[in-house]
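Results of the structural survey
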Amino acid sequence: MNLPGKIAIMGGGSWATALAKIVLSTQDSINWYMRKPESIEEFRQLKHNPNYLTSVRFDTEKINFYADINEAIDHSDTLIFATPSPFFKQHMEKVNTSFENKFVISAIKGLVPDENVLITDYFAQKYGVPESHIAILGGPCHAEEITFERLSYITLGCINNENLNAVSNVFRNQYLKNSYSNDVTGIEYVAVLKNVYSIVAGICHGMKYGDNFQAVLICNAIEEMRRFIEAVHPVERDITASVYLGDLLVTAYSRFSRNRIFGTMIGKGYSVKTAQIEMEMIAEGYYGTKCIHEINEKYQVDMPILNALYEILYERKSPVTLVKKLTETFK
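Residues numbered from 1 in each chain as written. Predicted model: local features only at pLDDT ≥ 70, side-chain atom pairs only at ≥ 80, totals over all residues. Heavy atoms only, no water.

1. Focus: the sheet that holds strand β5 (residues 103-106)
- Strand order in the open sheet made by the eight strands is β3-β2-β1-β4-β5-β8-β9-β10, with mixed pairing throughout. Each edge of the open sheet carries a strand with a single partner, namely β3 (63-66) and β10 (176-181). Taking each pair of neighbouring strands and ignoring which way they run, the sheet shows an average axis angle of 25°.
- As paired elements, strand β2 (residues 30-33) and β3 share four bridges and run parallel to each other. In the sheet register, Ile30 faces β3, and the bridge partner there is Ile63.
- Contacting β1 (7-10), β2, β3, β4 (78-81), β8 (134-138) and β10, helix α1 (residues 14-24) crosses the sheet at an angle of about 170° to β2. (Pairing = 2+ DSSP bridges. Helix = DSSP H or I, 4+ residues; strand = E, 2+ residues; numbered from the N terminus. Axes fitted to C-alpha atoms, helices over the stretch in contact; angles between N-to-C directions. Contact = heavy atoms within 4.5 Å.)

Okay, structure coming up:
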């Protein structure tokens, strides 16, 4: 396998658009799968994604668009998946082609809903992709800041260092630095959990808790995250590294964080359904909360913050009561 080969962006949202901008800064051309043919046609006319990050201009002569996911896979060597996790399975159900000799990079920060399976495990188990041919893209990196070309850092995770080296230059330019990790499972779980805790940070913000309390909340959240990851995947790692703590911090504090925005609305008194409707965007932590809660039924890790959020989102219990209860346990 000659990596990176022809690269495909799989998805049409904001993160997929940011990744396309990154890849085109280092590669001559890309393939790009988008679900809706009408979006592709509008993209060609406008020279930008008509729905997301509309300020990012593209030279469409360098883009081969595909509305058929199988054609995109067949004509590509490296596949970067960047669809929201709740819709991932819908896309994959259309796949009837082979992943043989393909290198898969997941930039999806979530689990497969209803199955509670990591995205990388899904590719390995359902499509037979070898673990050495699967990588994860993690770290504190908002799509909006890529748009502005603000200095950002990502971490590439893969068990095969040779393959990591082969694709690393794709994600390195004047505004983007990267590092490597073999902790694929840990990075994936953090990408889910940081969305969960960011919703809680938003709820507390909406309830007028201040910066002092937010700092204590995040300290407790990173400890809760550490306990869970060590239980499900006990390897040596530095939880304070940017791919773990950094991703949590940026998602919990940034104005670009959809999960924080979603939580803030709930903290202000919105119902879960009303907040989802008014956002018009996906807060993946909503789905991640249920997935992790169900996974933890097996491991029984002490996770009071996660449990409180689950009760708020899925049992419709009072945020005021549950956050107050949490404050009594924090140090």
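There is more to say after this.
2. Description of the nonpolar core
- Ranked by size, the top nonpolar core spans 54 residues in total, and within it Tyr189, Tyr197, Leu217, Phe228, Phe262, Ile292 and Leu313 carry the most contacts.
- Only α8 (184-206), α9 (211-232), α10 (242-253), α11 (258-267), α12 (272-279), α13 (284-299), α14 (304-314) and α15 (319-327) provide two or more residues apiece to this core.
- Those residues within four positions of Tyr189 in sequence are excluded, and the remaining contacts are Leu111, Leu118, Phe228, Ile229, Val232, Ile292 and Ile295.
- If you look at the next biggest cluster of nonpolar residues, it comprises 40 residues, including Ile9, Ala82, Ile105 and Phe171. (Core = buried A, V, L, I, M, F, W, Y, C linked by side-chain atoms within 4.5 Å. Buried < 20%, exposed > 50% of the residue type's maximum accessible area, 1.4 Å probe, protein only.)

3. A word on the pattern of salt bridges
- Summed over all chains, the structure comprises 14 salt bridges.
- Of the charged contacts in the structure, one is a salt bridge between Glu230 and Arg226, with a shortest N-O distance of 3.1 Å. Of the two residues, Glu230 and Arg226 are both situated in helix α9; the distance of four residues between them amounts to about one turn of the helix.
- Given a relative accessible area of 40%, Glu230 falls into the partly exposed group.
- Residue Arg227 pairs with Asp302 through a salt bridge whose shortest N-O separation is 4.0 Å. (Salt bridge = Lys/Arg side-chain N within 4 Å of Asp/Glu carboxyl O.)

4. Details of α1
- In terms of burial, α1 is largely enclosed, as eleven of its eleven residues are buried.
- Within α1 the residues assigned to the buried category are Ser14, Trp15, Ala16, Thr17, Ala18, Leu19, Ala20, Lys21, Ile22, Val23 and Leu24.

5. Quick look at the packing of α8 against α11
- Contact pair α8 / α11: the axes reach a minimum separation of 6 Å and the direction vectors enclose 40°. In terms of their interaxial angle, α8 and α11 are classed as oblique. Where α8 crosses over α11, the handedness of that crossing is right-handed. In this structure, α8 uses Asn195, Ser198, Ile199, Ala201, Gly202, Ile203, His205 and Gly206 to contact α11, whose residues at the interface are Asn259, Arg260, Phe262, Gly263, Thr264, Ile266 and Gly267.
- Taken together, the residues of the contact of α8 with α11 break down into five nonpolar, nine polar and one charged. (Parallel < 35°, antiparallel > 145°, perpendicular 65-115°, else oblique. Left-handed = near helix turned anticlockwise from the far one by under 90°. Nonpolar A, V, L, I, M, F, W, Y, C, P; charged D, E, K, R; others polar.)

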